[in-house]
Amino acid sequence: WARNRVQFVGGDPPASTGFNLEISSEGERKNSLVPFQTDPYGCHTDILQQKRKERNPYQRTAPYPLTCPEMKEVLKWCGPALISKSQVPWGAM
């Protein structure tokens, strides 16, 4: 979706829970924001490849390319460049 069509509403836990927003924000920046800025699909940097492997220890895959063949190219795209609009079903919208 286009950024102007998505809105995220979140809330920070109260300080009484021990949540530290500053430490949490730095961790998110270091471990998520920065790596994805250079590797938006998480396929080319060691840290993001490792995260992907750890999240799928049994190497399972969803059947989406079979059940929705129109999305096959999108689902297997790994960049590093952004996928072109001509390759996505909604590209003509």
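See above for the structure.
As the structure is a prediction and not an experimental result, all values here were calculated from the model.

Peer 1: Mind showing me how you'd approach the layout of surface pockets here?
Peer 2: Rolled over the atoms, a probe as big as a water molecule pinpoints where empty space is left. What the largest pocket holds in volume is close to 450 Å³. For the lining of the largest pocket, the secondary structure elements donating two or more residues are α2 (46-55) and α4 (72-76). If you tally residues by element for the lining of the largest pocket, the top one is α4, at three residues. Here the residues of the lining of the largest pocket are counted per class, giving eight nonpolar, three polar and four charged.

Peer 1: It is not clear to me how the side chain of Asp39 should be interpreted in this structure. Could you clarify?
Peer 2: Assignment of secondary structure puts Asp39 in the loop between α1 (21-38) and α2. Buried charge without a partner: Asp39 forms no salt bridge, and the closest opposite charge is Arg52, 7.1 Å away. A distance of 3.1 Å separates a polar atom in the side chain of Asp39 from the backbone nitrogen of Cys43. Here the side chain of Asp39 touches Thr45 through a polar contact of 2.9 Å, landing on its backbone nitrogen. Other than its neighbours up to four places away in sequence, Asp39 contacts His44, Thr45 and Leu48.

Peer 1: Looking at this model, I keep getting lost on the pattern of salt bridges. Mind explaining?
Peer 2: The full count for this structure, using the stated rule, is two salt bridges. Of the charged contacts, one joins Glu26 and Arg29 as a salt bridge, the two residues approaching to 2.9 Å between their closest N and O atoms. Of the two residues, Glu26 and Arg29 both sit in helix α1, three residues apart, roughly one turn of that helix. Between Glu73 and Lys76 there is a salt bridge, and its shortest N-O distance comes to 3.4 Å. Here Glu73 and its partner Lys76 are both found in helix α4, three residues apart, which amounts to about one turn of the helix. What makes Glu73 partly exposed here is its relative accessible area of 35%.

Peer 1: What's the story with unusual backbone geometry in this structure? I'm lost.
Peer 2: Trans is the common state for peptide bonds, and a negative phi is the common state for residues other than glycine. Geometrically, the link from Gly79 to Pro80 is a cis peptide bond, its omega value of 15 degrees lying close to zero. Structurally, Pro80 is set in the segment after α4. Positive phi, close to 50 degrees, is recorded for Gln59, a residue that is not glycine. Within the secondary structure, Gln59 is located in the loop between α2 and α3 (64-67).

Thresholds applied
- Residues numbered from 1 in each chain as written.
- Predicted model: local features only at pLDDT ≥ 70, side-chain atom pairs only at ≥ 80, totals over all residues.
- Heavy atoms only, no water.
- 1 Å grid on protein atoms, 1.4 Å probe; cavity = no way out; pocket = protein on both sides within 12 Å on 5 of 7 lines; lining within 4 Å.
- Points joined across faces, edges and corners; volume = space filled by probe spheres on them.
- Helix = DSSP H or I, 4+ residues; strand = E, 2+ residues; numbered from the N terminus.
- Nonpolar A, V, L, I, M, F, W, Y, C, P; charged D, E, K, R; others polar.
- Buried < 20%, exposed > 50% of the residue type's maximum accessible area, 1.4 Å probe, protein only.
- Lys, Arg positive; Asp, Glu negative; His and termini not counted.
- Salt bridge = Lys/Arg side-chain N within 4 Å of Asp/Glu carboxyl O.
- Polar contact = N/O pair within 3.5 Å; in protein donor to acceptor, adjacent residues only side chain to side chain.
- Contact = heavy atoms within 4.5 Å.

Purely geometric stuff here, so don't read any function into it on its own.
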